[in-house]
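If you want the building blocks of each chain, they are given just below.
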Amino acid sequence: MSRALTIIVSGIILTACASSGPKRPEWTRAAGQPMDQVQFNRDHYECQKENSYHYRGVGALVGPFSEQIKVDKDLYRACMRNRGWVHAED
C-alpha cells in the first residue's frame, strides 16, 4: 500500500513541476542593449541598497528584533529603468 501511495504522490509532484513551465524574466534590457546577468545582479543590488530603509514594527511585536529593512518598490523600479532595464509589467 505504501509503495502505491509513493508512486501516486510522486506522479502528482512531477505533473505539478512540469506544468509550471519556464518563468518569464521579470527584467530585460531596453531594445538594442545586451542582456548581461552580471550587470543585472550589480544593478539590482545597488538599486535595492540605494532605496532601502529601516522599518520598525508596531504593536505587540515592537522590540529589538522587530526592525526590518524594506525597499521602496517605486524608487527601486525607477532606479532600474534609469540603468536601462525594462520591467515585464511596463
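Residues numbered from 1 in each chain as written. Predicted model: local features only at pLDDT ≥ 70, side-chain atom pairs only at ≥ 80, totals over all residues. Heavy atoms only, no water.

(A) Representation of the packing of aromatic side chains in the model. Under the definition given, this model contains two aromatic pairs. Taking 6.0 Å as the distance between ring centres and 85° as the angle between the ring planes, the aromatic pair formed by W27 and Y76 counts as edge-to-face. With W27 in strand β1 (residues 27-29) and Y76 in helix α3 (residues 73-82), this residue pair connects regions lying 49 residues apart in the sequence. We note that W27, like Y76, is buried. Ring geometry for F40 against W85: centres 5.1 Å apart, planes inclined by 80°, an arrangement best described as edge-to-face. On the criterion of sequence distance, the pair formed by F40 in helix α2 (residues 37-50) and W85 in strand β4 (residues 85-87) is long-range, its members being 45 residues apart. Overall, the relative accessible area of 2% leaves W85 in the buried class. Note that R29 overlies the ring of W85, its terminal NZ or CZ placed 4.4 Å from the centroid. (Phe/Tyr/Trp six-rings, centres within 6.5 Å; stacked < 30°, edge-to-face > 60°. Helix = DSSP H or I, 4+ residues; strand = E, 2+ residues; numbered from the N terminus. Buried < 20%, exposed > 50% of the residue type's maximum accessible area, 1.4 Å probe, protein only. Lys NZ or Arg CZ within 6 Å of the ring centre and 35° of its normal.)

(B) Layout of the side chain of H87. Here H87 shows up in strand β4. Polar contacts involving the side chain of H87 include one to the side chain of E26, which spans 3.1 Å. Here R77 takes part through its side chain, which lies 3.3 Å from a polar atom of the side chain of H87. Ignoring any residue separated from it by four or fewer positions in sequence, one finds H87 in contact with E26, W27 and R77. (Polar contact = N/O pair within 3.5 Å; in protein donor to acceptor, adjacent residues only side chain to side chain. Contact = heavy atoms within 4.5 Å.)

(C) Molecular detail of the packing of α2 against α3. With their axes 9 Å apart at the nearest point, α2 and α3 run at an angle of 140° to one another. With respect to each other, α2 and α3 are oriented oblique. As for the relative orientation of α2 and α3, their crossing is right-handed in sense. Counting all contacts with α2, which are made through F40, D43, H44, C47, Q48 and E50, the residues of α3 involved are Y76, C79 and M80. When its residues are assigned to classes, the contact of α2 with α3 shows five nonpolar, two polar and two charged. (Axes fitted to C-alpha atoms, helices over the stretch in contact; angles between N-to-C directions. Parallel < 35°, antiparallel > 145°, perpendicular 65-115°, else oblique. Left-handed = near helix turned anticlockwise from the far one by under 90°. Nonpolar A, V, L, I, M, F, W, Y, C, P; charged D, E, K, R; others polar.)

(D) Focus on α3. Looking at α3, one finds that the buried residues are Y76, R77, C79 and M80. Axial view of α3: buried residues confined to an arc of 160°, hence all on one face. Away from its buried face, by an angle of more than 90 degrees, α3 presents the exposed residues D74 and N82. Of the residues flanking the start of α3, the one acting as N-cap is D72, its side-chain oxygen 3.1 Å from the backbone nitrogen of D74. Backbone geometry just downstream of α3 places G84 in the positive-phi region, at approximately 95°. (Arc of directions from axis to C-beta.)

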